[in-house]
Amino acid sequence: MRKYLTIIICAVIVGFLMSQFLMNQYEKKEDLLTIFSRGEKVYLIQQGIYSSEDSVKKNTMDLGFYIYSVQNGMYYVYIGITKNIDNVQKLQGYFKDLGYDTLSKEIYVNNKKFLEVLSQYDNLLLTTTDNDVIKAICSQTLGKYEELILDAYKD
């Protein structure tokens, strides 16, 4: 009996230590959440990829709004965001008329507050054809994305 008890206690201790090791691989609890809960699909409208911040500034001079991310030394510039595939086409058409070729990129977002705001802007975007309104919506949604998503990861 004592032999089995020693084996069981060792197994429990090894299991506990292994789980601690695996859990410590994640620097933030948010990383763990993104693995188990992918969030809701959102489309980013990508304007371009550049090799330097100077290139970004030079090629986005005429845009009043954009955000960018740096991945592997390259600057990815985004000029719109939506949850609705019909709005993706509307935004791409709007930017094409302005002389920008774009593509859409799918990401997943867990931030409920941002998703609620984005839904409201998506509803407005669906009902409008006014270019000034489309421009304002793009600016506002990117601003909210920066405020509620990107700035949250800086902290």
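Residues numbered from 1 in each chain as written. Predicted model: local features only at pLDDT ≥ 70, side-chain atom pairs only at ≥ 80, totals over all residues. Heavy atoms only, no water.

A. Spatial organisation of the overall build of the protein. The helix and strand tally for the protein stands at six helices and four strands. Seen in sequence order, the protein has helices and strands lined up from the N terminus as α-α-β-α-β-β-α-β-α-α. Burial status across the protein gives 30% buried among its 155 residues. Across the protein, contacts joining residues at least 24 apart in sequence account for 72% of those joining residues at least 6 apart. (Helix = DSSP H or I, 4+ residues; strand = E, 2+ residues; numbered from the N terminus. Buried < 20%, exposed > 50% of the residue type's maximum accessible area, 1.4 Å probe, protein only. Contact = heavy atoms within 4.5 Å.)

B. Quick peek at the layout of surface pockets. What the second largest pocket holds in volume is close to 160 Å³. For the second largest pocket, the full set of lining residues is Leu-44, Ile-67, Tyr-68, Ser-69, Gln-71, Tyr-78, Lys-105, Ile-107, Tyr-145 and Leu-150. Where the lining of the second largest pocket is concerned, the elements lending two or more residues are strand 2 (67–71), strand 4 (103–109) and helix 6 (131–154). Sort the elements by how many residues they give to the lining of the second largest pocket and strand 2 lands first, with four residues. In terms of residue class, the lining of the second largest pocket is built from seven nonpolar, two polar and one charged. (1 Å grid on protein atoms, 1.4 Å probe; cavity = no way out; pocket = protein on both sides within 12 Å on 5 of 7 lines; lining within 4 Å. Points joined across faces, edges and corners; volume = space filled by probe spheres on them. Nonpolar A, V, L, I, M, F, W, Y, C, P; charged D, E, K, R; others polar.)

C. Main features of the sheet that holds strand 1 (residues 40–50). Reading across the sheet, the four strands line up as 2-3-1-4 and stay open at both edges, with antiparallel pairing between neighbours. At either end of the open sheet lies a strand with only one pairing partner, and these are strand 2 and strand 4. Between one strand axis and the next, the sheet turns through 40° on average, direction left out of account. Note that strand 1 and strand 3 (residues 74–82) share seven bridges and pair antiparallel. Looking at the pairing, Gly-48 lines up with Val-77 of strand 3. Strand contacts of helix 4 (residues 85–97): strand 1, strand 3 and strand 4, with the helix running at about 20° to strand 1, the strand carrying the most contacts. (Pairing = 2+ DSSP bridges. Axes fitted to C-alpha atoms, helices over the stretch in contact; angles between N-to-C directions.)

D. Quick look at the environment of Asn-72. Relative to the helices and strands, Asn-72 is located in the loop between strand 2 and strand 3. For the pair Asn-72 and Ser-51, spaced 21 residues apart in sequence, the C-alpha separation works out to 9.8 Å.

E. The packing of aromatic side chains, seen in detail. Per the counting criterion, the structure on display carries four aromatic pairs. Ring geometry for Tyr-94 against Phe-95: centres 4.9 Å apart, planes inclined by 70°, an arrangement best described as edge-to-face. In this structure Phe-95 comes out as buried when scored by relative accessible area, which is 0%. Centroid distance Phe-114 to Tyr-145: 5.5 Å. Interplanar angle 70°. Geometry classified as edge-to-face. Remark: Tyr-145 occurs in helix 6 and Phe-114 occurs in helix 5 (residues 112–127); sequence separation between them is 31 residues. Assigned by exposure class, Phe-114 and Tyr-145 land together as buried. An aromatic cluster is present here, built from Phe-65, Tyr-94 and Phe-95 joined pairwise through their rings. We note Lys-105 situated over the ring of Tyr-76; from NZ or CZ to the ring centre the distance is 5.4 Å. (Phe/Tyr/Trp six-rings, centres within 6.5 Å; stacked < 30°, edge-to-face > 60°. Lys NZ or Arg CZ within 6 Å of the ring centre and 35° of its normal.)

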